[in-house]
Amino acid sequence: MEYVLTTEGLNKQYKKYKALNGLNMHVPKGSIYGFVGRNGAGKTTLIRLISGLQTPTAGSYELYGIPHRDRRISDVRRRMGAVVETPSIYLDLSAEDNLKVQYRVLGLPSYDGIPELLKLVGLEDVGKKTAGRFSLGMRQRLGIAIALCGHPDYLVLDEPVNGLDPQGIIDIRELILKLNHERGITILISSHILDELSRLATHYGFIDHGSIVKEISAQELEDTCRKSVRIFVSDMVVLPGVLDAMGMEYKILDDHSADIYAQPNVTQLSLALYEKGCEIQSMTEHDESLESYFISLVGGERNE
Amino acid sequence: MCRSKIFRICLLFSAGYPLFQMTLRLIERTFYYPVSEPVDTFTILDLMFLGIVLAAFVSLYLGREYSDGVIRNKLIIGHSRMSIYLANLLTVTLGAFLMHGIFFLAMFLLGRLYGLPMELGFGELAPAALLGFLFIIAYASIFTMVSMLTASGSVGPVVALIIAFFLMIMGISIYSALSDMYAEIPPELLADPGFNPLASRPKWQQVLFPLLYNALPSSQAMQLMDYVAYAGAAKAGHLSTVVIEPTVFPLLAGTSALYDLLIATFTTAIGILLFRRKDLN
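Residues numbered from 1 in each chain as written. Chains lettered and ligands numbered in written order. Predicted model: local features only at pLDDT ≥ 70, side-chain atom pairs only at ≥ 80, totals over all residues. Heavy atoms only, no water.

Visitor: Before we go on, may I ask you to explain the confidence of the model for chain B in this structure?
Guide: It should be kept in mind that the predicted coordinates are not to be read in detail where pLDDT is low. On average, residues of chain B carry a pLDDT of 87, and 95% of them reach 70 or more. At the level of individual helices and strands, chain B shows its lowest average pLDDT in helix 7 (residues 187-191) of chain B, which scores 71, and its highest in helix 4 (residues 81-113) of chain B, which scores 94. (pLDDT = per-residue confidence, 0-100. Helix = DSSP H or I, 4+ residues; strand = E, 2+ residues; numbered from the N terminus.)

In structure tokens form, the structure reads like this:
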């Protein structure tokens, strides 16, 4: 698999505080990578490092296979766009002027494409209004437009829906999906709003105390979090045959338990198992949300 | 830069102050004092408060890069820290050049237009004005370093203005101290090229005072004002005793260039070195 970003043993120390602690991460090309963690876990610190705003204390990262200490990293960064924490926009310039400034910073020969960019982010009608008078959602969208100026194929968004109203969240979500599906842009989104990420991400990285606790694809996460009935039996040899006969999808967990991804008729199941000499010790409904999965990874209190 | 409100305000000041000052002189001459002092030194008057103006301009202009966060956009797409630093330095320096140029031309043209007394011609004043560009290079380098390293749109201007006032006060203090020393010396001794006016002073004053007098952009500006006043009086034939002998212009220009370029080189090198290591948010 090709990776846009890989980190190896990345550390960042601020005086006595260690923000990143041996972080290893892999962002597959073409994915929407949801970077999940609590406040203060190190999400923004990592984004600052890979954006070139700060340098690691130890460890390394590679962008498109180029190590960060290599001189070619500045060329590779041209393929990247980022919105770090707050959108970086000139508040006394209009949306169009902000994009023109970024075009000049990029050294692009003309301003072609600016109207299309504004339309893409939904700011085609703002005219000469200065960015200082934009709503938070509009500024966020302008920040993304600025990040898209150089036609990057890798976009880093640091908590892009923070502070947005529901419509704003929907707009940003649809924009992100459009960028990924239509333009093939790899997107790294950091967030602690799990519900929103679950609608977007194809891959997840869970960070806690400066380290990646787990990296998992959305498919694997869905398999883990599927609603199921967890059954504990006395004889695991018998159970698969009975479930197959009943036409139920299941997954054997260990010698005594399995997850059944259906709603079994309890009476029929227990009779069928009893006929073959197998006893049911317990049955519980198992429904792990992304939220509970995250809590189980990083710890914390459950609130039922 | 042209869209920057700060720059536009400074440009407005560069054109507006000459208009105000020369109109005031015209009113004075018309209604109060028929014979007025020559206005040659007014053409380079901006050099006296250049440090303060540049401290405000540079720190506010570059501070916006941090307060709006737009410096991040340049780093993210791969521009090196050195190129960002030098681009900012060049931008504010050119902006300051424009302000100084407008001020000088406005003062000169208005002085001529109003018929105010001017002893020197454009060809004699222009070299003095051009020397001001060296002061600008030194000041711009100092305040660019301050702004790029404080990384704050609010702290940077405060630090820069404190430094500007410190430099100005130090320049005035050195000038005053030397004026007082020279005032105690008979003119015939001052005229002797082999005479050291500071010979009776402690060794540290003999070294430090001339060094600061020649190195500080603020006292360089005072030297230049003295030179313009002296040259004008000499040309008009009413040269009176001056307290501090004005330096011959080429020597003044050479000394200023040396110290100003040294200041610019040193502060820029330090600034780039520290900016490279700075963690930005």
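Visitor: Just to check I follow, could you spell out the environment of B:Thr268 for this structure?
Guide: Residues and elements named next belong to chain B. The topology assignment puts Thr268 in helix 10 (residues 249-277). Through-space distance from the C-alpha of Thr268 to that of Met145 is 6.6 Å; in sequence the pair is 123 residues apart. In contact with Thr268, not counting residues within four places along its chain, are Tyr85, Leu86, Leu89 and Ser141. (Contact = heavy atoms within 4.5 Å.)

Visitor: Teacher, can you tell me more about the nonpolar core here?
Guide: Generally speaking, nonpolar side chains in soluble globular proteins are found buried as a group. Judged by nonpolar contacts, the single largest core of 103 residues is most densely connected at A:Leu5, A:Met25, A:Tyr154, A:Leu188, B:Phe57, B:Phe143 and B:Leu224. In terms of residue count, the dominant contributor to this core is helix 5 (residues 122-150) of chain B (14 residues). By size, the runner-up hydrophobic cluster in this structure holds 56 residues, among which are A:Val36, A:Val121, A:Ile172 and A:Ala201. (Core = buried A, V, L, I, M, F, W, Y, C linked by side-chain atoms within 4.5 Å. Buried < 20%, exposed > 50% of the residue type's maximum accessible area, 1.4 Å probe, protein only.)

Visitor: I tried to follow a nonpolar patch on the surface on my own but got confused; where do I start?
Guide: Residue and element names in this part refer to chain B. Together, Ile27, Phe31, Tyr32 and Tyr33 make up a nonpolar patch on the protein surface, roughly 520 Å² of accessible area in all. Structurally, Tyr32 is set in the loop between helix 1 (5-31) and helix 2 (50-67). A relative accessible area of 59% places Tyr32 in the exposed class. (Patch = residues over 30% accessible without salt bridge, like charges linked within 9 Å, V, L, I, M, F, W, Y side chains within 5 Å. Areas by Shrake-Rupley, 256 points an atom, 1.4 Å probe, with all protein chains shown as cover. Salt bridge = Lys/Arg side-chain N within 4 Å of Asp/Glu carboxyl O.)

Visitor: Just to check I follow, could you spell out the interface of chain A and chain B for this structure?
Guide: How large an interface is tends to be reported as the accessible area lost when its parts come together. Counting residues at the interface gives 29 residues for chain A, matched by 19 residues for chain B. Roughly 2100 Å² is buried in total at the junction of chain A and chain B, and carbon and sulfur atoms are behind 47% of that figure. There are 2 salt bridges connecting chain A and chain B. Note that A:Lys12 is salt-bridged to B:Asp279, the shortest N-O span being 3.0 Å. Inspection of the chain A/chain B interface yields 14 residue pairs in polar contact (both at pLDDT 80 or more). Of all the secondary-structure elements, those providing two or more residues to the side of chain A that touches chain B are strand 1 (3-14), strand 6 (80-83) and helix 3 (95-106) of chain A. (Buried area = accessible area lost by both parts, 1.4 Å probe. Polar contact = N/O pair within 3.5 Å; in protein donor to acceptor, adjacent residues only side chain to side chain.)

Visitor: Before we go on, may I ask you to explain the sheet that holds strand 13 (residues 257-260) of chain A in this structure?
Guide: Strand pairing in a sheet relies on backbone hydrogen bonds, with the paired strands running either antiparallel or parallel. Residues and elements named next belong to chain A. With antiparallel pairing, the 4 strands of this open sheet are ordered in space as 12-13-11-14. Looking at strand neighbours, the two that pair on one side only are strand 12 (250-252) and strand 14 (280-286), the edges of this open sheet. Sheet twist, expressed as the mean angle between neighbouring strand axes with direction ignored, is 20 degrees. Pairing of strand 11 (residues 228-233) with strand 14 involves 6 bridges; the strand directions are antiparallel. Bridge assignment links Ile231 to a residue of strand 14, and that residue is Met283. In the packing of helix 10 (residues 266-275) onto the sheet, contacts are made with strand 11, strand 13 and strand 14, and the angle to strand 14 comes to roughly 150 degrees. (Pairing = 2+ DSSP bridges. Axes fitted to C-alpha atoms, helices over the stretch in contact; angles between N-to-C directions.)

Visitor: Can you help me understand the packing of helix 2 of chain B against helix 4 of chain B in this one?
Guide: Axis angle and axis distance: for two packed helices, these are the angle between their axes and the distance between the axes, and together they describe the pair. Residues and elements named next belong to chain B. The N-to-C vectors of helix 2 and helix 4 enclose an angle of 140 degrees; their axes lie 11 Å apart at closest approach. By the angle between their axes, helix 2 is oblique relative to helix 4. At the point where helix 2 passes helix 4, the crossing takes the right-handed sense. Side by side, helix 2 and helix 4 meet where Leu54, Phe57, Val58, Tyr61, Leu62 and Glu65 of the first sit next to Asn88, Thr91, Val92, Ala96 and Met99 of the second. Split by residue class, the contact of helix 2 with helix 4 holds 8 nonpolar, 2 polar and 1 charged. (Parallel < 35°, antiparallel > 145°, perpendicular 65-115°, else oblique. Left-handed = near helix turned anticlockwise from the far one by under 90°. Nonpolar A, V, L, I, M, F, W, Y, C, P; charged D, E, K, R; others polar.)

Visitor: I would appreciate a short explanation of the packing of aromatic side chains in the present structure.
Guide: The geometry of an aromatic ring pair is captured by the separation of the ring centres together with the interplanar angle, meaning the angle of the planes. Per the stated rule, a full pass over the model turns up 18 aromatic pairs over all chains. Taking the centre distance of 6.5 Å and the plane angle of 80 degrees together, the rings of B:Phe49 and B:Phe103 count as edge-to-face. Highlighted residues: B:Phe49 in the loop between helix 1 and helix 2 and B:Phe103 in helix 4, separated in sequence by 54 residues. Clustering of aromatic rings is evident, with ring pairs tying together B:Phe13, B:Tyr17, B:Phe20, B:Phe49 and B:Phe103. Note that A:Arg79 overlies the ring of A:Tyr64, its terminal NZ or CZ placed 3.7 Å from the centroid. Across the ring face of B:Phe275, the terminal group of B:Arg81 is positioned such that the distance to the ring centre comes to 5.4 Å. (Phe/Tyr/Trp six-rings, centres within 6.5 Å; stacked < 30°, edge-to-face > 60°. Lys NZ or Arg CZ within 6 Å of the ring centre and 35° of its normal.)

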